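Structure at a glance
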Amino acid sequence: EAGVVQSPRYKIIEKKQPVAFWCNPISGHNTLYWYLQNLGQGPELLIRYENEEAVDDSQLPKDRFSAERLKGVDSTLKIQPAELGDSAVYLCASLWTGRAGELFFGEGSRLTVL
Amino acid sequence: DAKTTQPNSMESNEEEPVHLPCNHSTISGTDYIHWYRQLPSQGPEYVIHGLTSNVNNRMASLAIAEDRKSSTLILHRATLRDAAVYYCILRDAGNAGNMLTFGGGTRLMVKP
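Residues numbered from 1 in each chain as written. Chains lettered and ligands numbered in written order. Predicted model: local features only at pLDDT ≥ 70, side-chain atom pairs only at ≥ 80, totals over all residues. Heavy atoms only, no water.

1. Comments concerning the overall build of chain B
Rules: Counting from the N terminus, the helices are the DSSP runs of H or I reaching at least four residues and the strands are the DSSP runs of E reaching at least two. Exposure categories follow from relative accessible area, calculated using a 1.4 Å probe and restricted to protein chains: below 20% of the type maximum is buried, above 50% is exposed, and the middle band is partly exposed. For accessible areas, the Shrake-Rupley method is used with a probe of radius 1.4 Å. Any residue's cover is judged against the shown protein chains and nothing else.
What chain B contains, in helices and strands, is 0 helices and 9 strands. Counting from the amino terminus, helix and strand elements in chain B follow one another as β-β-β-β-β-β-β-β-β. Here the C-alpha coordinates of chain B stretch approximately 45 × 30 × 25 Å along the principal axes. Looking at chain B as a whole, 46% of its 112 residues are labelled buried. For chain B, the accessible surface area stands at approximately 5700 Å², while carbon and sulfur atoms represent 46% of it.

2. A short note on the overall build of chain A
In plain terms, the rule: By the convention used here, residues are in contact when the closest approach between their heavy atoms is within 4.5 Å. Asp and Glu count as negative and Lys and Arg as positive, but His and the ends of the chain are not part of the count. By convention, the point assigned to a charge is CZ for Arg, NZ for Lys, CD for Glu and CG for Asp.
The number of helices and strands found in chain A is 0 helices and 11 strands. Each helix and strand of chain A, ordered N terminal to C terminal, gives the series β-β-β-β-β-β-β-β-β-β-β. Burial status across chain A gives 46% buried among its 114 residues. If you take every contact in chain A between residues at least 6 apart in sequence, the share linking residues at least 24 apart comes to 52%. If you sum the accessible surface of chain A, you get close to 5800 Å²; carbon and sulfur atoms cover 50% of it. Positive and negative charge centroids in chain A, built from 12 and 15 side chains respectively, lie 4 Å apart.

3. Concerning the confidence of the model for chain B
For the record, the criterion: Residue-level confidence of the predictor, termed pLDDT, takes values from 0 up to 100.
Chain-level pLDDT for chain B is 92 on average; 94% of the residues reach the 70-or-more range. Averaged over each element, pLDDT in chain B is lowest for strand S8 (residues 84-92) of chain B (92) and highest for strand S6 (residues 61-64) of chain B (98).

4. Section: the interface of chain B and chain A
Here is the rule: Should a side-chain nitrogen of Lys or Arg be within 4 Å of a carboxyl oxygen of Asp or Glu, the pair is scored as a salt bridge. By the criterion applied in these results, polar contacts are pairs of N or O atoms within 3.5 Å in which, for protein atoms, one can donate a hydrogen and the other can accept it, and in which residues neighboring in sequence qualify only through two side-chain atoms. For this classification, Asp, Glu, Lys and Arg are treated as charged, while Ala, Val, Leu, Ile, Met, Phe, Trp, Tyr, Cys and Pro are nonpolar and the rest, including Gly, are polar.
Opposite the 19 residues of chain B that make contact, chain A presents 24 residues. Counting every contact that joins chain B to chain A gives 0 salt bridges. Summed over the shared surface of chain B and chain A, the number is 4 residue pairs in polar contact (both at pLDDT 80 or more). Secondary structure elements with two or more residues in the side of chain B that touches chain A: strand S3 (31-38), strand S4 (45-50) and S8 of chain B. A total of 4 residues in the side of chain B that touches chain A trace back to one element, the largest contributor, which is S3(B). Across the side of chain B that touches chain A, the residue classes tally to 9 nonpolar, 9 polar and 1 charged.

5. Re the pattern of salt bridges
Within the structure shown, the criterion is met by 9 salt bridges over all chains. Among the ionic pairs, A:Arg48 bridges to A:Glu50, the shortest N-O distance being 2.6 Å. A:Glu50 matches A:Arg48 in its accessibility class, with the two residues each being buried. A salt bridge links B:Glu45 to B:Arg37, with the nearest nitrogen and oxygen atoms 2.7 Å apart. The class of B:Glu45 is partly exposed, set by a relative accessible area of 29%.

6. Considering the state of the cysteines
Here is the rule: Throughout, disulfides are identified as pairs of cysteine sulfur atoms within 2.5 Å of each other.
What the rule picks out here adds up to 2 disulfides over all chains. Shown here is the disulfide that connects A:Cys23 with A:Cys92, its sulfur atoms set 1.9 Å apart. Judged by the sign of its S-S torsion, about -70°, the bond between A:Cys23 and A:Cys92 is left-handed. Placement of the pair is A:Cys23 in strand S3 (residues 19-24) and A:Cys92 in strand S9 (residues 88-95), with a sequence separation of 69 residues. We classify A:Cys92 as buried; its relative accessible area is 0%. Two residues share a disulfide in this structure: B:Cys22 and B:Cys88, whose sulfurs sit 2.1 Å from each other. In this structure the cystine formed by B:Cys22 and B:Cys88 twists about its S-S bond by roughly -85°; its chirality is therefore left-handed. Residue B:Cys22 is found in strand S2 (residues 18-23), and its partner B:Cys88 is found in strand S8; the two are separated by 66 residues along the sequence. Take B:Cys22 and B:Cys88: they sit in the same class, and that class is buried.

Quick look at the structure:
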């Protein structure tokens, strides 16, 4: 079974440029997460989807970040315009909603903003 | 959210057991205790979870205190591949069960 797939793995951009990250969750997983991870810190939740509905986006900086999950499957996270402080790893995870199911993470997309 | 407290780092020798502690004094009755680990340059991966009883799987064992205010992840024989950051997380089994909040975790270093 394929795991959570993220692309690109690495992205280097100039500040003020836009960037987008894509995530393909495990088939059948209805819950999808985007986390941000700064160096040496634990992942921080940006947004959580239940199917196509964003149910928790309180930590998403909405002035520059946006996300969508069309048809409740793939998801895209966009930053426009990127700032230096956005340099981090962006992790996608998915879950089959159940009483004690485990999260499956992708390998992450490492963003460097110059 | 109920929070967890873990040491920032621990060291172990290869092939020796490792006990990684986690305090969660504000745990509620419906919170499961989950452990994840993150190897370098990878996303976190699930290790084990439990509610009240001790649990064993092929990766590790989880010992849960009787009052559930603390737990210990046990790696029976540490290998160099176990060097990672280990996260202890509480997960509500109720309506908020899909909320998982990560702390800073414990960085485990394994010496040959």
